[in-house]
Amino acid sequence: METELCAFSPEACRIAARQGVWRAELCASPYEGGTTPSAAAIREARRIPNLRLSVMIRPRGGDFLYTDDEFRQMLDEVAFARESGADCVVAGMLTPDGRIDEERTAALVAAAAGMEVTFHRAFDMVRDPEEALEALIRCGCRRVLTSGGRNTAPEGIDTIRRLVALAAGRIAIMAGSGITAANVREFVRAGVDAVHFSARGTIESRMRYRNPAVSMGGVAGIPEYASVGTDEEKVREIMKQLA
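Report follows, based on the coordinates.

Reading guide: rules and limits
Residues numbered from 1 in each chain as written. Predicted model: local features only at pLDDT ≥ 70, side-chain atom pairs only at ≥ 80, totals over all residues. Heavy atoms only, no water. Helix = DSSP H or I, 4+ residues; strand = E, 2+ residues; numbered from the N terminus. Rg over C-alpha atoms; globule rule 2.2 N^0.38 Å. Buried < 20%, exposed > 50% of the residue type's maximum accessible area, 1.4 Å probe, protein only. Contact = heavy atoms within 4.5 Å. Areas by Shrake-Rupley, 256 points an atom, 1.4 Å probe, with all protein chains shown as cover. Arc of directions from axis to C-beta. Axes fitted to C-alpha atoms, helices over the stretch in contact; angles between N-to-C directions. Parallel < 35°, antiparallel > 145°, perpendicular 65-115°, else oblique. Left-handed = near helix turned anticlockwise from the far one by under 90°. Nonpolar A, V, L, I, M, F, W, Y, C, P; charged D, E, K, R; others polar. Salt bridge = Lys/Arg side-chain N within 4 Å of Asp/Glu carboxyl O. Core = buried A, V, L, I, M, F, W, Y, C linked by side-chain atoms within 4.5 Å. Pairing = 2+ DSSP bridges. Right-handed = clockwise from strand over helix to strand, strands pointing away.

## A closer look at the overall build of the chain
Of the regular secondary structure elements, the chain holds eight helices and 10 strands. The C-alpha radius of gyration computed for the chain amounts to 18 Å, which stays within 12% of the reference 18 Å derived for 243 residues, consistent with globular compactness. Taken along its principal axes, the extent of the C-alpha atoms in the chain is 55 × 45 × 35 Å. Each of the 243 residues in the chain was classed as buried or not, and the buried ones make up 48%. Here the analysis covers contacts within the chain between residues at least 6 apart in sequence; of these, 65% occur between residues at least 24 apart. Carbon and sulfur atoms provide 50% of the accessible area of the chain, an area that totals close to 11600 Å².

Structure below.
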C-alpha cells in the first residue's frame, strides 16, 4: 500500500522521508485545505532524497469552480512542477452542477504528461460519486483522494469500500482525512490502494513578546503565535501499523 503525507513545508517532507513514507503531497495554506506551495518550497522539497513528491495545484481556497484565468494559472503551475522534477500533481475541478469538469481535467492530465495526476477531495463535493469516478477514469487520472463524501474517511468508509469495488484497479483509491494509527488498518481491510494523512501537530512560536490586539489574517480561531506542522511521532506510529 502506498502512503502519502500531507506536508505543509519542506521540513514535513523531510519527516516523511525519515519515516519511510512513500510520497509527500506539498501544499500551502492548511486552514484552507491546501493551496499551491511556493516555487522555493517545491525546489527545496525536491532536493530531499528517497521521497516521491506530489505538488498541490490549487490557486486559491474556497470552491473548485475556476475561471479561465485561474485555470491558465493552474496549467502554468503544472509546467513549473514538472520543470522542478515533481512526480505527481494534485488538482480538482468541478462544474457548477457538482460534476467533474472533464474537459479541464483531461487538459490538465495532458499538460502533466510525464507526471501522475491525483484528483483531490474536490471529489467529495460531487453529487454522484460513482458517476464522478467513471469521469476521472476517462480523464486519465492515476488516483483519487477521498473521504467517501464525508468529513472524515472513517465516517465515509462504506462509500470508500464501494468505490474500491467499482474502480476494479482502473484508478487507485486513496483514503484521506482523519487517518490515524488507531484506524489505518481499517482502510487496509477496505482494500484501498493508498492512505493519505497529515499527522498534524502545532508548532508554537518562539516569540517572547506577543501583541494580543492584532490578528494578521483577521479570522477568529486561527492562532497568531502557532503554526501547523507535522508530528513525527504520529507519522511513525501510522507507519508501524502498516509494517
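Still to come is the rest of the account.
## A few points about helix α5 (residues 129–139)
By the burial criterion, the buried members of α5 are Ala 132, Leu 133, Ala 135, Leu 136 and Cys 139. End-on, the buried residues of α5 take up no more than an arc of 160°, which puts them together on one face. Along its buried surface, α5 packs onto α4 (102–111), β5 (116–119), β6 (143–146), α6 (157–167) and β7 (172–176). A positive phi of about 90° marks Gly 140, the residue just after α5.

## Quick look at the packing of helix α1 (residues 10–18) against helix α2 (residues 39–46)
Where α1 meets α2, the closest approach of the two axes is 9 Å, and the angle between their N-to-C directions is 20°. Comparing their axes, α2 and α1 come out roughly parallel. Here α1 runs over α2; the crossing is right-handed. Contacts between α1 and α2 involve Pro 10, Cys 13 and Arg 14 from the first element and Ala 41, Glu 44 and Ala 45 from the second. Residue composition of the contact of α1 with α2, grouped by class: four nonpolar, no polar and two charged.

## Observations concerning the pattern of salt bridges
Following the criterion strictly, the structure yields 25 salt bridges and no others. For Glu 131, the salt bridge goes to Arg 99, with nearest N and O atoms at 3.0 Å. Taken together, the residues span a long stretch of sequence, with Glu 131 in helix α5 and Arg 99 in the loop between β4 (88–91) and α4 at a distance of 32 residues. In this structure, a network of salt bridges that share partners links the residues Glu 2, Glu 4, Arg 23, Glu 116, Arg 142 and Arg 143.

## Some details on unusual backbone geometry
For Ala 168, which is not glycine, the phi torsion reads 50° and is therefore positive. The residue Ala 168 is located in the loop between α6 and β7 in this model. You can call Ala 168 exposed: its relative accessible area is 59%. The phi dihedral of Ser 177 is positive, around 95°, even though this residue is not glycine.

## A word on the nonpolar core
Of all hydrophobic cores here, the largest spans 64 residues; its most connected members are Cys 13, Val 89, Phe 119, Ile 173, Phe 187 and Phe 197. The element contributing the most residues to this core is α6, with five residues. Leaving out residues up to four positions away in the same chain, Phe 119 has contacts with Ala 91, Gly 92, Met 93, Leu 94, Ile 100, Thr 105, Leu 136, Cys 141, Arg 143, Val 144 and Leu 145. Residues Phe 8, Cys 27, Cys 88 and Val 90 belong to the second largest nonpolar core, which totals seven residues.

## Description of the pairing of strand β2 (residues 23–26)
Burial along β2 is two-sided: the residues Arg 23 and Glu 25 and Ala 24 and Leu 26 are all buried. Across four bridges, the pairing between strand β1 (residues 2–7) and β2 is parallel. Bridge pairing links Cys 6 to Glu 25 in β2. Handedness of the crossover joining β1 and β2 through α1 is recorded here as right-handed. With four bridges joining them, β2 and strand β3 (residues 52–56) adopt parallel strand pairing.

## Description of the environment of Arg 161
If you trace the backbone, Arg 161 turns up in helix α6. A sequence separation of 13 residues divides Arg 161 from Gly 148, and the C-alpha atoms of the two residues are 8.7 Å apart.

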